[in-house]
Amino acid sequence: MATPAAPLKCPPPMKATSNGVFQGDDPLDYALPLAIVQICLVLVLTRVLAYLLRPLRQPRVVAEIIGGILLGPSALGRNEKYLHTIFPPKSLTVLDTLANFGLLFFLFLVGLELDPKSLRRTGKKALCIAVAGISLPFVLGIGTSFALRATISKGVNQGPFLVFMGVALSITAFPVLARILAELKLLTTDVGRMAMSAAAVNDVAAWILLALAIALSGTTSSPLISLWVLLCGAGFVILCIFIGPPIFKWMARRCSDGEHVDEIYVCATLAAILAAGFVTDTIGIHALFGAFVLGVLVPKEGPFAGALVEKVEDLVSGLFLPLYFVSSGLKTNVATIQGAQSWGLLVLVIFTSCFGKIVGTIVVSLLCKMPMQEALTLGFLMNTKGLVELIVLNIGKDRGVLNDQTFAIMVLMALFTTFITTPIVISIYKPAKLAVTEYKHRTIERKDTSKQVRMLTCFYSTRNIPTLINLIEVSRGTEKREGLRVYAMHLMELSERSSAILMVHKVKRNGLPFWNKGEVTDSNQVVVAFETFEHLSKVSIRPTTAISPMNSMHEDIITSAERKRVAMIILPFHKHQRLDGHFETTRTDLRHVNRRVLQHAPCSVGILVDRGLGGASHVSASNVDFTITILFFGGHDDREALAYGVRMAEHPGVTLIVVRFVVDPEVAGGSVKIDMNQNSSLEAQPDEVLLSGLKQRISKDGSIKYEERTIKDAAETFEAIKTYNRCNLFLVGRMPEGQVVAALNKKSECPELGPIGNLLISSEFSTTASVLVVQQYRSQLSQDSLSSLEEGESSEGNESN
């Protein structure tokens, strides 16, 4: 009699936490400590790869896809011991759950970035490009699927496989594309706007096609079930469209600008995302669809959307999302691509994917009368893949539509097409070089003072806006002039956060709504203040935006100044004043931006040290009562400051005091004179010409006062300047020249302000006056000016080390 076979014992499920190594437990046998190790390993590897790929200007998604593949069976996973210790099969359910949980909220953020209103406003050109960018790759994807089914994918269900392949080849990754455009500074160009509009249409179409593919790929072969899934999915979307927007709009109305968004609204929205995910998963589409639909329906204006992004994004994008790439990497085994046939199929898939997207886009772009260079650039941009591609492939793998070999081929295709986008676009499209222009009026000081003055005023936050508006008010000149045109540039950092794409909508409008996300100041007041200036007869204010990483922000400022042909750039100082009067650094990297602009600017530059010019709000023209003091020592920069000050003196509410410092004849032959060089004596003549013109003007204009102070040494200079501390604004040159300045200590903490600017912000100097430090444009800056900036950079680098 045969003995019965021993029953198979299933391994016990993983417990959440261990009792610790001292109790004899191995932490890696328990779910929580193992998940912590997995997350830490993933974060370290992906961040290191992102850092290594930064010189190639690759988006972070490329590093995360490569990191996932390296951790999987393609590379490190070839070591069985490593794979079973760090990623044992019993832990994969927990890992996939965490990854999909993060993905659920990320897809909500992607939906939040898609604005249905802007989709409706999409022009015919962008719509045609989007349709061509979907249809041709989709058709080629179906053609490729026949080749794959005949070779490595025999026996798979034909209908779902055709649709999955078509969708996989026709997708354009909207979030990844936006980041690439922002980093290449193409977001505000015609090509960038066209690419974003077409990609947004493409994204929505891809999700609809994916829903169709999922419905067809159910486990049952009955077409009736697939139809039920599609109908229920459509019913869910229609229900959300009717119920969601009124509720979200009610929440958004109760969240006013500048105030904290009530936690109950954020919590209710997060719960709604999970509930929507549960409903769509129950229907049989995928939990991601519910989250995506809710994201699209949330109103994009106001602080509510911003608060949701802030609460969700850092945790999801930084922590959970990389797990999804690892989850994909563990399913990707490049070793399954073996033999000439498999590698040939990989080449075929890459070729058809690139050919369909690029050629389809180029042909339609040329038919829409776009230049060849722009059409070619657009073709490569639309070929960007990314996370959405991986979602499609993973769903196909989980549904059994894609086998291991096909999955590996498609992942490598997505990686390759995304990787080549940035290098190729850089090589074929260089809008910054195309935009370089030559123009005459690069300074405020000029022979014909009646010509219009153009200025570029930059700000990072709403803190500087009241002072900037008041500065513009006093700079507008008289009715006799052609007037003043100001470009108010909001400098927004392109951070590692994926929702930098939310800025895209702002770039499309490129107007006053930029200031809706104010920190403290009520944005409505800002908008009203700028609109007031718009209605002044001789002042024109044009709001613009620069979105850039901080290390290349200066390029945006310089390029914009050149395009707009401005005479002066006004930059905010990198420190702000505390309540006790002392300065503290806002951000160190703002200092680098200022120094690089000073070195490479195509016009004059002013750095504004803000101590609240006119208080915390805009002062109307009739109420302006400012005293502006110019400390004049001599040289190019001082002459520019004087020319600017004389323009300000035309305002009826401004009193200008010009103080010229001259060296005492008794000490002129001493050590001070030894420091004089040939340049300083040559500077005397234009200084005298400008001052004689000023003296003639004083006889007609009582609002300008001129004084001369005779100085013996640096200490006496400091004491003399102290007597003028009761003014509203100091105007000084960055690098004054002449005998008096030679005695001053030129080494200072902030070389971008120069010796006098540093003296005016020192703790020893008591004043409430703002300071504008001016550098006049010269085709070649003086050696003193350049070396002071370079020394500042190197000394700061040594301190940080």
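Residues numbered from 1 in each chain as written. Predicted model: local features only at pLDDT ≥ 70, side-chain atom pairs only at ≥ 80, totals over all residues. Heavy atoms only, no water.

The chain goes by Cation/H(+) antiporter 18-like in an unreviewed UniProt entry, where it is assigned to Nicotiana tabacum.

Q: When you look at the environment of Val773 in this model, what are you seeing that I'm missing?
A: Among the structural elements, Val773 can be located in strand β12 (residues 770-775). In contact with Val773, other than residues within four places in its own chain, are Val605, Gly606, Ile607, Val732, Gly733, Arg734, Glu752, Leu753 and Gly757. (Helix = DSSP H or I, 4+ residues; strand = E, 2+ residues; numbered from the N terminus. Contact = heavy atoms within 4.5 Å.)

Q: So what exactly am I meant to see when it comes to the packing of helix α7 (residues 158-170) against helix α9 (residues 190-216) here?
A: How two helices pack is summed up by the angle between their axes together with the distance between the axes. The N-to-C vectors of α7 and α9 enclose an angle of 160°; their axes lie 9 Å apart at closest approach. Viewed along their axes, α7 and α9 adopt a mutual orientation that is roughly antiparallel. When the axes of α7 and α9 are compared, the crossing they make is left-handed. Within the contact between the two elements, α7 uses Pro160, Val163, Phe164, Val167 and Ser170 and α9 uses Asn202, Ala206, Leu209, Leu210, Ala213, Ile214 and Leu216. Counted by class, the contact of α7 with α9 contains 10 nonpolar, two polar and no charged residues. (Axes fitted to C-alpha atoms, helices over the stretch in contact; angles between N-to-C directions. Parallel < 35°, antiparallel > 145°, perpendicular 65-115°, else oblique. Left-handed = near helix turned anticlockwise from the far one by under 90°. Nonpolar A, V, L, I, M, F, W, Y, C, P; charged D, E, K, R; others polar.)

Q: Just checking my understanding: could you explain the nonpolar core for this structure?
A: The nonpolar side chains of a soluble globular protein tend to be buried with one another. Counting 144 residues, the largest nonpolar core has Phe87, Phe108, Phe304 and Ile391 as the members making the most contacts within it. No other element matches α9, which puts 16 residues into this core. In this structure, Ile391 is in contact with Leu103, Leu107, Trp207, Leu288 and Tyr324, ignoring residues within four places of it in sequence. The next biggest cluster of nonpolar side chains, apart from the first, holds 53 residues, and it includes Leu456, Ile569, Phe730 and Leu759. (Core = buried A, V, L, I, M, F, W, Y, C linked by side-chain atoms within 4.5 Å. Buried < 20%, exposed > 50% of the residue type's maximum accessible area, 1.4 Å probe, protein only.)

Q: Just checking my understanding: could you explain the packing of aromatic side chains for this structure?
A: For any pair of aromatic rings, the description rests on two quantities: the centre-to-centre distance and the angle between the ring planes. Using the criterion set out here, one finds 10 aromatic pairs in the structure. Plain terms: the ring middles of Phe101 and Phe320 are 6.2 Å apart, the flat faces sit at 85° to each other, and that makes the pair edge-to-face. Of this pair, Phe101 sits in helix α4 (residues 92-113) while Phe320 sits in helix α13 (residues 303-331), and the two are 219 residues apart along the sequence. One aromatic cluster is present, built from ring pairs that chain together Phe101, Phe105 and Phe320. Sitting over the ring of Phe407, Lys397 keeps its end group 6.0 Å from the ring centre. (Phe/Tyr/Trp six-rings, centres within 6.5 Å; stacked < 30°, edge-to-face > 60°. Lys NZ or Arg CZ within 6 Å of the ring centre and 35° of its normal.)

Q: Any chance you could explain helix α23 (residues 588-600) here in plain terms?
A: Quick reminder: α-helices carry 3.6 residues per turn. Residues three or four places apart thus point the same way. In a regular helix each residue adds 1.5 Å, so 13 residues correspond to 18 Å; α23 covers 19 Å between its end C-alpha atoms and thus fits that length. Buried residues of α23: Leu590, Arg591, His592, Val593, Asn594, Arg595, Val597 and Leu598, and no others. (Expected span 1.5 Å × (residues − 1).)

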